Amino acid sequence: MVARRVLTFALALAVVLAGLSLGPTFLDQDADTPEPARLAFSDVTEQSGLDYEADGSGVGSGNSGVYVADVNRDSWPDLLTTGGETPALFVNDGGHFSRTGALTSVDHHIKSAVFVDVERDGWTDLLLFTTKGTVISFRNDAGTFVKTEYGLGNLTYPLGATAADYDQDGDTDLFVYQSGSWHDRKPAGYFSLDEGIGDDNGNENYLYENVDGTFQRVESAGITGRHWSLAASFADVTGDGYPDIHVANDYNNDTLYVNTGDGQFERHTLGGSTARNGMSSEVADITEDGRPDVFVSNIWFPNLEGNMSKERYERLKRLLDFVVHSGRTKGNTLLVNQGEGTFVDDADELGVRHGGWGWAASATDFDNDGDRDIVHTTQIVVRVNRTNPVYTYPMVFQRHDDGFAHVNASTHGMAETDGRGMATLDFDHDGQQEVVVATYDDRFVVYDNQATTDAGAIQFRVTDENGATALGAVVTVRTEEREHVVQQTANVDYLSQDSRTEHVGVGEHETVTLDVEWPDGTTRTFEDVESTQRLRIQKSGLVVTSSQNATV
């Protein structure tokens, strides 16, 4: 029997052995499965216009990323791609991407990026982090990117950044998380099979305060530690209205910086099953109890020795010795928020533990049935079963009443790809979430959502009166049967940034009620709101930016 792991702001109190079963699987929609598989995708890269190829640069994790923003405020989500010789911005013209020359002046290899509205004028700006640690900043001047300087200075090895108003003074602050270079050294945890490392050898993470449109590094806010951080989320996970910071660390435990509400943070180490290779940080109310949970991808393989010849196993063992013998390859974690700073890792119970070598993830409702599904990219390392490799495909987990079931590649339609970053967005305004996969050394892939459902969704972004995203706002979407609590965040993950237009499936419901709370405490309730709309929610009222199924 697998024991539940309770994670508090300390080491875990229990040790759990990971099982080897995959859990419920949709192979060909067998009758024994909990319910028919609905999640399916089709490759529409050619039709979409996205033409970008990564060059495989970037030792270790790579540089292949994809980031979403509506850069020209026309309601159609645009894409930034990185990992090739230069970054590229693709503008979405009615569901078709066209490459622009906006970033042709950038002659550096880019490690990561983030879209953030620095001036809060409603035009999202862009920060590019190079592999050398320099920051290239662009101000969005009514749809045109102009090179500027925001005061971030030089960094060491930035893996990304996320944003929130941590001190609730009305502006947008920044958290930059860093890793280390495998060219220079290995993580301290590489040489420790399964325990947390207090004195890590990565690089520091930094908090920046926004002062009149310029970032100033905060030295005394409690942001400490030198880890190999790969992803972070800036969201309120403790329920006090102040955004906290979850950080997924490679070869170490997760870090949780708890916002104390006075401009300071308390640094806590999450123990137990987080002592592994944390790749993603996906914060959402996955279990639908009103509290945000945290999904983190990791590495898991089935019993290699028992699934191949002795000769093949010996060759792989020499190649992947740190994987075969490491206690850190424990599989994905789903940290279910219990309130009051307590989390339970329910990945086994909910069926999302086993996902191969995972990277970027998304917990969103792909079939619009009212609950979140989970998809994450995978790295191609080894085809354990050469006739049915499973773990070299993107992992698709469909939600059902008792947890999640893995949807097999023969059903979900995604191709075997060496994936890293991944973004979700409704690029064609059809009311369903599509997926873009950033590959390590190949062409990026656009997947159209082909879920077998007629259910609908409502899409929205909470803003201030200037049109700037109100990071930290909370929306409760109510139907007759259920409530969905959505926190407006920067939606950053590993080498990725999802659309800030939130997506909530509402099944067959034609109208919903929206309860909205802005970061400053202002509340509004909007009743009988038609679903199948894309909305901008302002204090003054609702603005319909487009209807779904719109084309131009």
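For the structure itself, consult the block above.
In this text, all values refer to a predicted model and were calculated from it rather than measured experimentally.

**Notes on the pairing of strand E9 (residues 125-130)**
Alright, step 1. The buried fraction of E9 amounts to 6 of the 6 residues, a majority that puts the element mostly inside the structure.
Alright, step 2. Both E9 and strand E10 (residues 135-141) contribute to a ladder of 4 bridges, which runs antiparallel. In the sheet register, Leu128 faces E10, and the bridge partner there is Ile136.
Alright, step 3. In sequence, E9 turns back onto E10 through a hairpin of 4 residues, with Gly133 there showing a positive phi of about 95°.

**A closer look at unusual backbone geometry**
Most of the time, phi is negative for any residue but glycine, and the peptide bond is trans.
Alright, step 1. Unlike most non-glycine residues, Ser75 shows phi in positive territory, near 80°.
Alright, step 2. Within the fold, Ser75 resides in the loop between strand E4 (65-69) and strand E5 (78-82).
Alright, step 3. Of note in this structure, Arg120 is not a glycine but carries a positive phi near 55°.
Alright, step 4. Position of Arg120 relative to the elements: it lies in the loop between strand E8 (110-116) and E9.

**Thoughts on the pattern of salt bridges**
Alright, step 1. The final tally for this structure, using the stated rule, is 15 salt bridges.
Alright, step 2. A salt bridge links Arg353 to Asp348; the nearest nitrogen and oxygen atoms lie 3.0 Å apart.
Alright, step 3. A salt bridge links Arg478 to Asp515; the shortest N-O distance between them is 2.6 Å. Here Asp515 lies in strand E39 (residues 511-517) and Arg478 lies in strand E34 (residues 474-478), a separation of 37 residues in the sequence.
Alright, step 4. With relative accessibility at 28%, the residue Arg478 sits in the partly exposed group.

**Topic: the sheet that holds strand E33 (residues 456-462)**
Alright, step 1. Taken in spatial order, the 4 strands of this open sheet run E38-E33-E41-E42, and their pairing is mixed. Two strands close off the open sheet at either side, each with one partner strand: strand E38 (502-507) and strand E42 (541-547). Averaged over all pairs of adjacent strands, the angle between their axes in this sheet comes to 30°, without regard to strand direction.
Alright, step 2. Of the pairings in the sheet, the one linking E33 to strand E41 (residues 533-538) comprises 4 bridges and is parallel in character. Paired with Arg461 across the strands is Arg536, a residue of E41.

**Let's talk about the side chain of Asn491**
Alright, step 1. Locating Asn491 in the fold gives a position in the loop between strand E35 (483-487) and strand E36 (492-493).
Alright, step 2. A polar contact of 3.3 Å, which involves the side chain of Asn491, links it to the side chain of Glu502.
Alright, step 3. Asn491 has contacts with Ser496, Gln497, Asp498, Ser499, Arg500 and Glu502, leaving out every residue within four places of it along the chain.

**Structural notes on the nonpolar core**
Alright, step 1. Core analysis: the biggest nonpolar cluster contains 73 residues, and Phe115, Leu126, Leu128, Leu174, Phe175 and Phe265 have the highest contact counts within it.
Alright, step 2. If you tally residues by element for this core, the top one is E8, at 5 residues.
Alright, step 3. Residue-level mapping places this core at the junction of two domains, with at least three residues from each of domain 1 (40-447) and domain 2 (454-545).
Alright, step 4. In this structure Phe115 touches Tyr67, Val68, Ala69, Val71, Leu80, Leu89, Thr124, Asp125, Leu126, Phe145, Gln497 and Arg500, once residues within four positions along its chain are discounted.
Alright, step 5. Core analysis: the second largest hydrophobic core is formed by 18 residues, Val462, Val475, Leu514 and Val516 among them.

What counts, and where the lines are drawn
Residues numbered from 1 in each chain as written. Predicted model: local features only at pLDDT ≥ 70, side-chain atom pairs only at ≥ 80, totals over all residues. Heavy atoms only, no water. Buried < 20%, exposed > 50% of the residue type's maximum accessible area, 1.4 Å probe, protein only. Helix = DSSP H or I, 4+ residues; strand = E, 2+ residues; numbered from the N terminus. Pairing = 2+ DSSP bridges. Salt bridge = Lys/Arg side-chain N within 4 Å of Asp/Glu carboxyl O. Axes fitted to C-alpha atoms, helices over the stretch in contact; angles between N-to-C directions. Polar contact = N/O pair within 3.5 Å; in protein donor to acceptor, adjacent residues only side chain to side chain. Contact = heavy atoms within 4.5 Å. Core = buried A, V, L, I, M, F, W, Y, C linked by side-chain atoms within 4.5 Å. Domains from an automatic or database assignment.

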